[in-house]
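Listed below, chain by chain, are the residues.
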Amino acid sequence: MSTVRLENVAKQFGTTAVVRNVSLEIAEGELVALLGPSGSGKTTLLRLIAGFEAVNSGRILLDGDDVTARSALERRCGMVFQHYALFPHLTVGENVAYGLARERLDRGAREARVTEVLALVDLAGFEDRAVTALSGGQQQRVALARALAPRPRVLLLDEPLSNLDPSLRERTRRELRDLLHRTGITSILVTHEQEEAFDLADRVVVLHLGHLEQIGTPEVLYSAPATPFVASFVGRASALPATVTTDGVVTAAGARWQVAANGHTGAAVLLVRPEGVRFAANGPITGTVVRRRFAGAVVYCTLALADGNEIEVAAAAADAAVGDTVRAVPAGGAAFLFAEPGR
Amino acid sequence: MRRTVAWLLLLVLAWLVVEPLVLVAVDAVRIDGMWTLAAVRTFLTEPNEWRAAFNSAWLAMASVVLGCTLGVALGVFTRLADFPGRRVVAALLTLPAVLPPLVGVVAFLFLYGESGVIARLVMLLTHSDTPPWRFEGAAAVLLIHVTTMYVYSYLLVRGALATFDPALLEAATALGATRWRALRTIVLPLLRPAIGNGALLTALSSLASFSAPYVFGGGFRVLPTQLVSTRLNGDIGIAMVETLALVVLSLTALLLASRLSGVGTRGAGKGLAPRPGRSRGPRRLIFGTIAWLVTFWLLLPHLSLLAFSLARPGAWVKTVLPTAWTLQNYTVLVTDPERWRPFGTSLWMATLAALAAAGVALAVAVAARDGRERLSRWLEGGLALPWAVPGTVYAIALATMFSVVQPAAGRFILIGTLWLLPLAYLVRSLPIVGRALVAAIRGLDPALDEAAASLGAGPWRAFVTVTLPLLGPALAGATALAFVTGLGDFMTSVILYTYDTRPVSLEILGAIRDGDLGVAAAYGVALTVLSSGAFLLAERGRRLA
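None of the values given here were measured: they were computed from a predicted structure.

Student: I tried to follow the overall build of chain B on my own but got confused; where do I start?
Tutor: When helices and strands are counted, chain B shows 24 helices and four strands. Relative to its length of 545 residues, chain B is compact, with a C-alpha radius of gyration of 25 Å against a globular reference of 24 Å. The principal-axis extent of the C-alpha atoms belonging to chain B is close to 75 × 70 × 50 Å. The proportion of buried residues among the 545 residues of chain B is 46%. Contacts in chain B between residues far apart in sequence, at least 24 positions, make up 79% of those at least 6 positions apart.

Written out as structure tokens, the structure is:
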């Protein structure tokens with residue numbers, strides 16, 4: 001078990017900066033998810049920690065130990081690869097035992113460890129199976145067992161669930177979460193799926209274009225996004241141009257919003273979650289329903305406003321049909337004010 | 001309709017590919033119209049005969065062991081080790097693949113031969129007037145085999161590593177494996193199919209190898225040279241038994257190789273070649289020195305060939321390198337009609353054979369498109385058969401086949417005419433062209449044909465407007481390969497040529513016999529340039545597509 005600390009880590013490929021000055025501290029036994037769209041640098045960051053890529057600047061510390069200059073071999077992070085990278089010519093048992101060679105265990109102890117980790121991932125008795133004959137979910141668990149067998153300091157998981165079909169994904173996610181909590185290992189997980197990150201991680205790191213946008217618990221990311229990107233990437237949000245008076249009165253889409261001005265004045269951007277607006281017969285916001293997206297208990301209606309902007313409203317199923325002209329009102333909360341981009 | 005065409009094609013292949021071999025087998029046990037095992041008995045009891053078979057077998061094994069070791073080592077090294085000029089070395093090492101076989105062999109004469117560069121160097125250093133060695137016998141042949149045939153394993157291993165999932169290596173590293181352990185436990189086991197194919201190609205080439213033992217064998221006889229001399233002596237029956245013995249050895253190699261197949265190298269990853277490991281300072285320098293030295297050594301024969309072609313006759317007597325340079329050897333090729341004629345002959349014969357082979361192979365590939373049909377498998381087998389049978393054997397088989405008039409059996413007199421050599425080149429290149437086209441056509445999405453049909457294109461229009469353009473690059477590449485095979489061919493030509501159809505390879509041999517080493521070298525260089533040109537054109541076609 002150990003802590004992971006990144007200090008101003010930067011990486012560029014050629015002239016393209018992929019990771020920009022990321023600093024981050026992960027506590028012992030914590031499970032952290034690196035969340036971002038493709039191209040956000042999350043996989044590169046993971047590979048920098050593993051030692052498969054060398055940083056251009058910054059430091060990486062495992063357990064307070066500066067490993068920046070060390071090779072992947074010396075760092076010995078456990079890694080679960082996106083496509084698992086199981087050795088196709090070795091059996092399940094041989095794959096799991098591969099990382100135990102350096103420990104100079106006698107044969108009995110090695111076999112015992114293999115049996116133990118396979119039992120941990122619920123694959124007891126699979127030692128002699130060919131890895132190519134396993135289902136996707138089973139392969140994923142073999143990859144996990146193989147990474148855990150040498151008791152690594154840190155476990156790194158590169159989109160571990162992306163290779164599974166959706167019906168399997170949720171169950172596997174649950175199993176993965178239970179397993180990681182049981183072993184108590186410090187883990188870093190890369191994913192582009194917000195639901196996966198929220199469900200698995202203690203804390204989530206949101207990355208965008210190589211920048212660390214925000215780090216926090218899922219609740220904090222949702223209720224107090226630090227940047228417009230986090231607000232719109234984590235959960236849904238509509239962006240509206242807003243004006244802020246010197247007294248801190250925020251106006252957007254013809255309505256006043258109960259939101260802290262945070263010192264902004266003049267033009268700004270307001271990001272509003274669907275639950276931050278509701279239909280109201282005499283509301284100050286007027287728009288035409290252009291899209292409806294049914295999501296069970298609620299229906300998300302997108303209103304086109306007179307000024308060309310759109311706003312999404314969470315409504316009850318019977319509230320409006322496409323083409324209706326409706327009125328709405330800020331519901332209070334679930335709206336965030338940011339400086340106008342470029343200012 | 002389609003099935004009728006397929007059956008017709010099968011008949012063509014049976015006539016061109018199978019019947020000649022059957023006639024050889026029959027001739028082995030039927031002498032002067034009588035069925036007899038006399039020739040087989042002679043072959044089995046005569047120590048000389050045995051020795052040739054034994055020599056062929058151990059030479060093949062030694063070539064496989066040494067050639068594959070060299071090829072695999074270079075393939076892995078140029079992909080996974082980091083040193084200055086890695087890409088250049090990797091490209092240079094493929095050069096022996098474009099050398100026509102006889103040229104590749106003759107080049108060794110200029111380096112290791114009695115008046116070659118190395119011998120001169122030794123003479124100069126020891127102040128001796130006599131050459132230190134005769135470059136002859138088993139060791140000479142083996143050296144040539146190893147330094148030319150490594151290229152099969154080299155190319156196959158590099159190809160396999162190009163699609164090797166880099167995550168597999170990273171996984172091994174993350175699990176604490178050193179580079180050496182990862183190489184031993186992950187890379188090499190996964191390269192097994194590539195290494196097996198390389199071993200098979202090396203074994204078949206060594207068994208079929210004619211140029212090297214013919215030029216440098218001396219008293220060292222192997223089956224291909226033995227059967228040619230037996231045939232010249234008029235012992236047709238024994239020559240046929242020797243031919244069969246060679247076929248049996250080749251089939252044994254095929255059988256052994258088929259057991260070597262294993263798991264492929266393709267992981268589920270993005271299919272990027274693994275990047276070479278980062279090495280710094282002295283290690284990088286040592287790697288680089290080794291790589292460049294080995295490359296230099298492997299290319300030295302060809303550099304000597306080039307040097308000889310540019311040496312002024314008489315200006316290279318006592319020195320290691322020529323003292324005066326000239327283009328005279330090349331101007332002779334162009335200005336002397338007798339020297340120029342073999343070029344024209346080789347060119348038209350190789351072109352005709354390549355086009356015809358491409359046509360036959362394309363028709364067969366289209367007919368055999370559905371690999372699950374039994375008829376398709378037969379067609380494929382017919383295309384592939386000449387691959388397993390040494391070229392010398394085919395030459396003799398075709399000579400036998402086309403020396404009698406028996407229209408019912410499809411036999412005519414072609415021996416002594418202009419047409420036998422192109423036909424032989426065609427048969428020899430069928431497997432190469434066929435494999436490429438069958439693979440290419442099976443790689444096409446069948447939905448494309450269905451799409452064309454749904455848009456109102458008949459089968460012919462769909463073929464011409466969709467299938468053929470998509471096959472273009474493969475077709476160009478395969479035709480170029482067939483052209484190069486015919487252009488440089490020696491082992492078939494030496495058996496089937498007439499004075500009027502003597503190709504460049506025989507002219508090279510003649511020039512060496514006459515002592516015109518400079519002209520022989522110039523022929524060799526010119527042939528190499530032509531072959532490389534054909535390869536480059538095909539490669540360019542592939543890129544444009």
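Student: Can you help me understand the packing of helix H1 (residues 2-29) of chain B against helix H18 (residues 391-401) of chain B in this one?
Tutor: The packing of two helices is summarised by the inter-axis angle and the distance between the axes. Residue and element names in this part refer to chain B. The contact between H1 and H18 brings their axes to 8 Å, and the two run at 85°. Classified by the interaxial angle, the pair formed by H1 and H18 is roughly perpendicular. Together, Glu19, Pro20, Leu21, Leu23, Val24 and Asp27 of H1 and Ile396, Ala397, Leu398, Thr400 and Met401 of H18 make up the contact between the two elements. Classifying every residue of the contact of H1 with H18 gives eight nonpolar, one polar and two charged.

Student: Is there a simple way to explain the sheet that holds strand S5 (residues 65-66) of chain A in this structure?
Tutor: Sheets are built from strands that pair by backbone hydrogen bonding, the pairs being arranged parallel or antiparallel. Residues and elements named next belong to chain A. Across the sheet, which stays open at both edges, the four strands sit in the order S2-S1-S4-S5 with antiparallel pairing between neighbours. Both outer strands of the open sheet, strand S2 (16-26) and S5, are each paired with one neighbouring strand and no more. Taken together, the five bridges between strand S1 (residues 4-13) and strand S4 (residues 57-62) define a ladder with antiparallel strand orientation. Across the sheet, the residue bridging to Val4 is Leu62, located in S4. Along the sheet, helix H1 (residues 42-50) contacts S1, S2 and S4; its crossing angle with S2, the most-contacted strand, is approximately 65°.

Student: Would you mind showing me how to read the interface of chain A and chain B here?
Tutor: Reports often express the size of an interface as the amount of accessible area lost when the parts come together. At the interface, 20 residues of chain A touch 18 residues of chain B. Elements that contribute at least two residues to the side of chain A that touches chain B include exactly helix H2 (72-75) and strand S6 (78-80) of chain A. Considering only residue class, the side of chain A that touches chain B consists of 13 nonpolar, four polar and three charged.

Student: Would you mind going over the pairing of strand S3 (residues 403-406) of chain B with me for this structure?
Tutor: Here is the key point about a regular strand: its side chains alternate between the two faces of the sheet. As paired elements, S3 of chain B and strand S4 (residues 411-413) of chain B share two bridges and run antiparallel to each other. Note that in S4 of chain B the partner of Gln406 of chain B across the bridge is Arg411 of chain B.

Student: Sorry, what's going on with the sheet that holds strand S15 (residues 277-279) of chain A here?
Tutor: Residues and elements named next belong to chain A. Across the sheet, which stays open at both edges, the five strands sit in the order S15-S19-S16-S17-S18 with antiparallel pairing between neighbours. Each of the sheet's edge strands pairs with one partner strand only, and the pair in question is S15 and strand S18 (310-315). The mean angle between the axes of side-by-side strands here comes to 50°, regardless of whether they run parallel or antiparallel. Where S15 meets strand S19 (residues 325-330), three bridges bridge the pair, whose relative direction is antiparallel. The partner of Val277 across the bridge, within S19, is Pro330.

Student: What should I look at first to understand the nonpolar core in this one?
Tutor: Looking at soluble globular proteins, one finds that nonpolar side chains tend to be buried together. With 271 residues, the main nonpolar core has Leu270 of chain A together with Ala361, Leu398, Val433, Leu437 and Ala478 of chain B as its most contacted residues. The greatest single-element share of this core, amounting to 14 residues, is contributed by helix H19 (residues 420-443) of chain B. Ignoring anything within four residues of it in the chain, the contact list for Leu437 of chain B reads Ala361, Leu362, Ala365, Leu471, Ala474, Leu475 and Ala478 of chain B.

Student: Can you walk me through unusual backbone geometry in this structure?
Tutor: Negative phi characterises most residues that are not glycine, and trans characterises most peptide bonds. Residue and element names in this part refer to chain A. One non-glycine residue, Arg76, lies in the positive phi region at around 50°. Inspection of the secondary structure puts Arg76 in the loop between H2 and S6. When the 24 C-beta atoms within 10 Å are taken as the criterion, Arg76 is described as buried. Unusually for a residue other than glycine, Ala334 sits at a positive phi of about 55°. Owing to 19 C-beta atoms within 10 Å, Ala334 belongs among the partly exposed residues under this scheme.

Student: Mind showing me how you'd approach the confidence of the model for chain B here?
Tutor: Atomic detail in the predicted coordinates should be set aside for any region of low pLDDT. Residues and elements named next belong to chain B. Mean pLDDT over chain B: 84, with 94% of residues reaching 70 or higher. Per-element confidence in chain B is highest for helix H3 (residues 47-80), whose mean pLDDT is 92, and lowest for strand S1 (residues 30-31), whose mean pLDDT is 75. Interface confidence for the predicted complex, given as ipTM, is 0.79, next to a pTM of 0.81.

Rules used throughout
Residues numbered from 1 in each chain as written. Chains lettered and ligands numbered in written order. Predicted model: local features only at pLDDT ≥ 70, side-chain atom pairs only at ≥ 80, totals over all residues. Helix = DSSP H or I, 4+ residues; strand = E, 2+ residues; numbered from the N terminus. Rg over C-alpha atoms; globule rule 2.2 N^0.38 Å. Buried ≥ 20, exposed ≤ 12 C-beta atoms within 10 Å, placed from the backbone. Contact = placed C-beta atoms within 7 Å. Axes fitted to C-alpha atoms, helices over the stretch in contact; angles between N-to-C directions. Parallel < 35°, antiparallel > 145°, perpendicular 65-115°, else oblique. Nonpolar A, V, L, I, M, F, W, Y, C, P; charged D, E, K, R; others polar. Pairing = 2+ DSSP bridges. Core = buried A, V, L, I, M, F, W, Y, C linked by C-beta atoms within 7 Å. pLDDT = per-residue confidence, 0-100.

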